[in-house]
Amino acid sequence: MVNNQAFRHIEILLIEDSPSDANLTIKGFLNAKIANNLRWVEDGETAINYLQRQGEFADAPRPDLILLDLNLPGMDGREVLTEIKSDPNLKCIPVVVLTTSTDEHDILRSYNLSANCYVTKPLDVYQFIQVVHLIKDFWLAAVALPPDS
């Protein structure tokens, strides 16, 4: 089966405060066989400004996929997820929670806030890269993402 997404650039927004985790994620997606543009913001407020195309992000492309850490400074990932899923212009964008938390309350709350999936970051670097590849393979190769609106 051929995925039509392979013929267009996939816009990915990474919302992650850890530079080392962001770099591993970026490297994992750079190895993708599917053309993608990955943009990184380090906190929740900046993420919302990006998504709502405010200020310096007035010309920002709409993401096809969001990778969201829960433990962000200031506005945390749960608040960001609530904002995304309550905005009619953003709620169809798939959100992958990618976090270190294994807390059952965080998992349940994320799904109750309409996260599309919840992935716990492994502590081992090799395993972390493997998880990024699995996300890439599933969300960019197998899943039909919503079209731009």
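Residues numbered from 1 in each chain as written. Predicted model: local features only at pLDDT ≥ 70, side-chain atom pairs only at ≥ 80, totals over all residues. Heavy atoms only, no water.

As recorded in an unreviewed UniProt entry, the protein goes by the name Response regulator, listed as coming from Atlanticothrix silvestris CENA357.

## Considering the confidence of the model for the protein
Per-residue pLDDT for the protein has a mean of 89; in total, 91% of the residues score no lower than 70. Helix H2 (residues 44–51) holds the highest mean pLDDT among the elements of the protein, 98, whereas helix H5 (residues 125–142) holds the lowest, 86. (pLDDT = per-residue confidence, 0-100. Helix = DSSP H or I, 4+ residues; strand = E, 2+ residues; numbered from the N terminus.)

## Looking at the sheet that holds strand S3 (residues 65–68)
Here we have five strands laid out as an open sheet, ordered S2-S1-S3-S4-S5, and parallel in their pairing. Where the open sheet ends on each side, the last strands, each with one partner, are strand S2 (36–41) and strand S5 (117–120). Taken pair by pair, the neighbouring strands of this sheet meet at an average axis angle of 20°, ignoring direction. Where S3 lies against strand S4 (residues 95–99), three bridges are found, and the strand directions are parallel. Residue pairing for S4: Ile-66 is matched across the bridge by Val-95. Seen against the sheet, helix H4 (residues 104–112) touches S4 and S5 and runs at an angle of roughly 150° to S5. (Pairing = 2+ DSSP bridges. Axes fitted to C-alpha atoms, helices over the stretch in contact; angles between N-to-C directions. Contact = heavy atoms within 4.5 Å.)

## Some points on the packing of aromatic side chains
Two aromatic rings are characterised by how far apart their centres lie and by the angle between their planes. Tallied over the full model, the rule gives two aromatic pairs. Note on Phe-138 and Trp-139: the rings are 5.3 Å apart at their centroids and 90° apart in plane angle, and the pair reads as edge-to-face. (Phe/Tyr/Trp six-rings, centres within 6.5 Å; stacked < 30°, edge-to-face > 60°.)

## Describing H5
For H5, built from 18 residues, the straight-helix expectation of 26 Å at 1.5 Å per residue is met to within 8% by its first-to-last C-alpha distance of 25 Å. Within the span of H5, buried status applies to Phe-128, Val-131, Val-132, His-133, Ile-135, Lys-136, Trp-139 and Leu-140. The distance from a side-chain oxygen at the start of H5 to the backbone nitrogen of Tyr-126 is 3.1 Å, and the residue carrying that oxygen is Asp-124. (Expected span 1.5 Å × (residues − 1). Buried < 20%, exposed > 50% of the residue type's maximum accessible area, 1.4 Å probe, protein only. Polar contact = N/O pair within 3.5 Å; in protein donor to acceptor, adjacent residues only side chain to side chain.)

## Observations regarding the side chain of Thr-99
Structurally, Thr-99 is set in strand S4. Polar contacts involving the side chain of Thr-99 include one to the side chain of Asp-69, which spans 3.1 Å.

## A closer look at the UniProt feature "modified residue: 4-aspartylphosphate" (unreviewed entry) in the protein
Annotation from UniProt places "modified residue: 4-aspartylphosphate" (unreviewed entry) at Asp-69. Here Asp-69 is to be found in the loop between S3 and helix H3 (77–86). Leave out the neighbours within four places in its chain, and Asp-69 touches Ile-15, Glu-16, Asp-17, Gly-77, Leu-98, Thr-99, Thr-100 and Lys-121. (UniProt positions renumbered as here; feature names shortened; annotations may be inferred.)

## A few points about the nonpolar core
By size, the foremost hydrophobic cluster in this structure holds 23 residues, and its most contacted members are Leu-13, Ile-15, Leu-51, Ile-66, Leu-68, Val-80 and Ile-84. When residues of this core are traced back to their parent elements, those giving at least two are strand S1 (10–15), H2, S3, H3 and S4. With four residues, the single largest contributor to this core is H2. Excluding residues that lie within four positions of it along the chain, Ile-15 makes contacts with Val-41, Asp-43, Ala-47, Ile-66, Leu-67, Leu-68, Asp-69, Leu-72 and Val-80. (Core = buried A, V, L, I, M, F, W, Y, C linked by side-chain atoms within 4.5 Å.)

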